[in-house]
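The primary structure of each chain is shown beneath.
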Amino acid sequence: MKAELFTDAAGNAPNITSNTSEMFPLRDDVLFDILQRKRQGKNIEAICQMGWNLTLVYDETTIIRHALEAAAQAIEFDFASFSLVDTAANALRYHYFLEQGVFQTVELLLALDGPRSISAAVARDGVALNVPDVTCDSRYLPHDEAAPPTYSELCVPMKIQATVIGVLNVESGTRNHFTVIDQFLLQALANQTAVALQNARLYAQTQRNTRELSALINATHVLSANLDLNTVLQQTLVQINTLLEAEDASVLLYDSASDDLVFAVVADSCASGILFGQHVSLDAGVVGWVMRNKTSVIVENAQEDPRFYSEIDALTEVITRSLLAVPLIAKDRAIGVVEVINKVGGTFDTHDRELLEALASSAAIAIDNARLYQELIDQIQVLQATQVKLVHSEKMGALGRLTASISHEINNPLQSIQGCLTLAKEELESPIRPEKIERYLDIAEDEIERIANIVRRVREFYRPSGQERAPTDIHQTLESVLELSGKELQHSYVNVERIWDPAIPQIVANPDYLKQVFLNLVLNAIDAMPNGGNLTIRTVLDHESIRIEFTDTGIGMSPEIQARLFEPFFTTKAHGSGLGLSISYGIIQEHNGQILVQSEVGQGTTFTIVLPVT
Ligand code: ADP
Ligand code: MG
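Residues numbered from 1 in each chain as written. Chains lettered and ligands numbered in written order. Predicted model: local features only at pLDDT ≥ 70, side-chain atom pairs only at ≥ 80, totals over all residues. Heavy atoms only, no water.

> Give a description of the overall build of the protein that names residues and reports values.
Looking only at helices and strands, the protein has 18 helices and 19 strands in total. Over its C-alpha trace the protein gives a radius of gyration of 48 Å, far above what one expects of a compact globule, namely 25 Å for 614 residues. Within the protein, the fraction of its 614 residues that count as buried is 45%. For the protein, long-range pairs separated by at least 24 residues make up 62% of all intrachain contacts whose partners lie at least 6 apart in sequence. Here the protein displays about 31,900 Å² of accessible surface, and carbon together with sulfur accounts for 53% of that area. Side chains of the protein give 45 positive and 79 negative charges; the mean places of these two sets differ by 3 Å. (Helix = DSSP H or I, 4+ residues; strand = E, 2+ residues; numbered from the N terminus. Rg over C-alpha atoms; globule rule 2.2 N^0.38 Å. Buried < 20%, exposed > 50% of the residue type's maximum accessible area, 1.4 Å probe, protein only. Contact = heavy atoms within 4.5 Å. Areas by Shrake-Rupley, 256 points an atom, 1.4 Å probe, with all protein chains shown as cover. Lys, Arg positive; Asp, Glu negative; His and termini not counted. Charge placed at Lys NZ, Arg CZ, Asp CG, Glu CD.)

> Can you break down the pattern of salt bridges residue by residue, with the values?
A full pass over the atoms with the stated rule returns 24 salt bridges. Measuring nitrogen to oxygen at the nearest pair gives 2.6 Å for the salt bridge that ties Arg93 to Asp86. Exposure remark for Asp86: the relative accessible area of 17% places this residue in the buried category. Of the charged contacts in the structure, one is a salt bridge between Arg93 and Glu107, with a shortest N-O distance of 2.7 Å. Taken together, the residues Arg93 in strand β2 (residues 91-99) and Glu107 in strand β3 (residues 102-111) connect sequence positions 14 residues apart. By relative accessible area, Glu107 is classed as exposed at 56%. (Salt bridge = Lys/Arg side-chain N within 4 Å of Asp/Glu carboxyl O.)

> Provide a residue-level description of the sheet that holds strand β9 (residues 279-280), including the pertinent values.
Sheet strands line up and pair through hydrogen bonds in the backbone, either parallel or antiparallel. In spatial order, the strands read β9-β8-β7-β12-β11-β10; together these six strands make up an open sheet with antiparallel pairing. Either end of the sheet is taken by a strand with one partner, and the two such strands are β9 and β10 (297-299). The pairing of strand β8 (residues 260-266) with β9 spans two bridges and is antiparallel. Following the sheet pairing, Leu261 is matched in β9 by Val280. Set on the sheet, helix α12 (residues 350-429) makes contact with β7 (246-255), β10, β11 (323-330) and β12 (333-343); between it and β11 the angle comes to about 40°. (Pairing = 2+ DSSP bridges. Axes fitted to C-alpha atoms, helices over the stretch in contact; angles between N-to-C directions.)

> Lay out empty space enclosed by the protein with the relevant residues and their values.
Following the criterion strictly, the structure yields two cavities of 30 Å³ or more and no others. Considered as a void within the structure, the largest cavity measures approximately 250 Å³ in volume. Around the largest cavity, the lining is made up of 21 residues, and of these Phe263, Ile312, Thr320, Glu339 and Ile341 lie nearest the centre. Of all the secondary-structure elements, those providing two or more residues to the lining of the largest cavity are β7, β8, α9 (269-275), α10 (285-293), α11 (310-316) and β12. When grouped by side-chain class, the residues that make up the lining of the largest cavity number 14 nonpolar, four polar and three charged. Size it by volume and the second largest cavity reaches roughly 30 Å³. As for the second largest cavity, its lining consists of Arg457, Glu460, Phe461, Ser480, Val481, Leu484 and Lys515. Mapped onto the lining of the second largest cavity, the elements with two or more residues apiece are α13 (434-462) and α14 (474-484). Of the residues that constitute the lining of the second largest cavity, the class distribution is three nonpolar, one polar and three charged. (1 Å grid on protein atoms, 1.4 Å probe; cavity = no way out; pocket = protein on both sides within 12 Å on 5 of 7 lines; lining within 4 Å. Points joined across faces, edges and corners; volume = space filled by probe spheres on them. Nonpolar A, V, L, I, M, F, W, Y, C, P; charged D, E, K, R; others polar.)

> Break down unusual backbone geometry for me, with residues and values.
Note: most peptide bonds trans; most residues except glycine with negative phi. Although it is not a glycine, Gln161 adopts a positive phi angle of roughly 50°. Here Gln161 is to be found in the loop between β5 (152-160) and β6 (163-172). Here Tyr493, not a glycine, exhibits a phi torsion of approximately 60°, which is positive. Assignment of secondary structure puts Tyr493 in the loop between α15 (486-491) and β14 (494-499).

> I'd love a proper account of the domain arrangement of the protein, names of residues and values included.
Each assigned domain of the protein is listed with its residue range as follows: domain 1 (28-204), domain 2 (219-373) and domain 3 (469-614). On a C-alpha basis, the centroid separation for the pair domain 2 and domain 3 is 60 Å. (Domains from an automatic or database assignment.)

> Mind laying out the coordination of the magnesium ion (ligand 2), listing which residues take part and the relevant values?
Looking at the metal site, the magnesium ion (ligand 2) is ligated by Asn520 (OD1) and Asn524 (OD1), spaced 2.4 to 2.5 Å from it. With Asn520 and Asn524 both in helix α16 (residues 511-528), this residue pair falls four residues apart, about one helical turn. Of the two residues, Asn520 and Asn524, neither departs from the other in class, the shared state being buried. (Donors = N, O, S within 2.8 Å, 3.2 Å for Na, K, Ca; no water.)

> Which residues make up the sheet that holds strand β17 (residues 545-552), and what values do they have?
Taking strand neighbours across the sheet as the criterion, the five strands line up as β14-β16-β17-β19-β18 in an open arrangement whose pairing is mixed. The outermost strands of the open sheet, each flanked by one partner alone, are β14 and β18 (594-600). Sheet twist, expressed as the mean angle between neighbouring strand axes with direction ignored, is 15°. Direction of pairing for β18 relative to strand β19 (residues 604-612): antiparallel, over a ladder of seven bridges. Residue pairing for β19: Gln594 is matched across the bridge by Val610.

> Which residues make up the environment of Lys515, and what values do they have?
For Lys515, the location among the structural elements is in helix α16. Since its relative accessible area comes to 11%, Lys515 is described here as buried. Discounting residues that sit within four places of it in the chain, Lys515 has contacts with Glu460, Phe461, Thr477, Ser480 and Val481.

> Could you give an account of the state of the cysteines, with specific residues and numbers?
If you walk through the whole model with that rule in mind, you get zero disulfides. Cys136 provides the cysteine sulfur closest to Cys155, a residue in no disulfide bond, and the two sulfurs are 18 Å apart. (Disulfide = S-S within 2.5 Å.)

> Break down the pairing of β5 for me, with residues and values.
The buried count for β5 comes to nine of nine residues, which makes it a mostly enclosed element. A two-sided burial pattern is seen for β5, the buried positions comprising Ser152, Leu154, Val156, Met158 and Ile160 on one face and Glu153, Cys155, Pro157 and Lys159 on the other. Here strand β4 (residues 129-131) pairs with β5 via three bridges, running antiparallel. What sits directly across from Val131, in β5, is Glu153. Strand direction decides the pairing type here: β5 and β6, joined by nine bridges, are antiparallel. Paired with Cys155 across the two strands is Asn169, which belongs to β6.

> So what's going on with the pairing of β8? Residues and values would help.
Taking burial as the measure, the seven residues of β8 include seven buried ones, the bulk of the element. Taken together, β7 and the strand that follows it, β8, pair antiparallel across an intervening segment of four residues, in which Asp259 is found at a positive phi of about 50°.

> Break down the packing of α12 against α16 for me, citing the residues and quoting the values.
The contact between α12 and α16 brings their axes to 11 Å, and the two run at 45°. Accordingly, the angle class assigned to the pair α12 and α16 is oblique. At the point where α12 passes α16, the crossing takes the left-handed sense. Residues Val391, Glu394, Lys395, Ala398, Arg401 and Leu402 of α12 lie in contact with α16, whose contacting residues are Tyr513, Gln516, Leu519, Asn520, Leu523, Ile526 and Asp527. Here the residues of the contact of α12 with α16 sort into seven nonpolar, two polar and four charged. (Parallel < 35°, antiparallel > 145°, perpendicular 65-115°, else oblique. Left-handed = near helix turned anticlockwise from the far one by under 90°.)

The following block contains the structure:
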């Protein structure tokens, strides 16, 4: 019996090359079979040829159809089927039937460990079966009760190494129909098909890997190119969307103030409105567990997981079925969790987890960087605010120094006013002389005007400097500083000489800040001349820039002092702040200008300020 001969043979294909005499004695009937086929024009070579053709096909459906077509060319049968093993379902999945030249796509699932079905038995055991009469085989399971009865069935496994990946099956309405050669041919075909399918799968896998890898590289690029936290979070969701098929995704970040997690971004816009900013305790939910354990989690059925936190579902009215949560780890610290829920058409697998972990590692770094950057920006802002305050306080200090001389300046006209008023009153008591009273009142009025002027100048200087730049007349600015410090100069016996270059144009500058610089230079010059001296202020138009020189005849500076002049808090004075020149330096730099110094001990000092005209 042919069937018995081959049911005993283990393995994919009968080994006809190494053991020909034993397995295939060239019996008359075998020879006859081969000759018969030749006469029938059966294309045995088609099967050999097919192997080559299939290696270039990467589409599973085409491979299967080719295999069945090739089988039809080489073997006579009434019905053929093609099925593949579905490991996850532990079943044999039928894909194609070929009946009287008609292909039919089917979707039939048969348990691998069931007692019926010869195909299932072959898939399970990996051994070919040639059954001469299925009516005598209890395993036989008709594919269609309505179809003409089958008597012979030949079924061969498709194997990749020791693993059965599917089954090729042919049936006939004649008893004892399939020969040794049929089995050999079908097995050869099955072997080739298995290789082709494996190739196609590897190819698809490679393609998928390439796609995912390039998506991951792209994600890393996009994420690392951003320093804005919100953009990074949004981009994380965009990248998740390209890598995984899930209904919703969100990123929760650890909030150290409340020691819990906060929804920082949510993909689904409806859920986002509800969840954004929501806090989740570290003791609640899968995300809390992931955060605490720094370990990813795949939950196939969320509703049955004891860690699942149902309150979020209650809030969003979304039912979480499957869930994948991955920790965001930056510099060994868990900084949050990425969560995706409800995989489209199934549950998340380890491959999804690996993809999300890869993405999460880029996202974590990007989030950490964005936060650091934000902190830096905040610190710079605080620093800038502090600096503005410092500049202002230095200005107040300079003004404070002038208080004594300014009050003195106010005191003089006040005394004069008082005198005038007393005289005017006396005139009122004596026979009235209106012209005299008028003169006294005129003087008083002038003096009041003087006081008002002083007060205005002080107030001008006192108010916090604005940030605006405007066309500024440098000479006017210098004059207002000299007016402010006039009494101080006078009391210190410092004589001021002005050498104004009339060609100097207005320049765009911040006059408040320039006044501060000029006042500091004047006060420093006064300090440098304890016994009085000369301060010459000269302006020069020099091509595209203007120069303002402050030359004193004071004590001068040693090279050591000159080297440290612009350092903050460097002072040689008992009550100096050491901030005047460092602040001036900053202000002039902001104006794209320069401060230069030339000094000689015992001779005097010249500070030169260079400002661009445009
Ligand atoms: P402060 O006036 O509070 O000391 P500044 O930054 O204005 O701070 O000046 C720093 C130091 O530079 C002064 O303490 C002084 O030693 C030196 N200095 C500045 N201007 C002159 C000058 N015209 N002549 C001599 N020394 C000067
Ligand atoms: Mg100073």
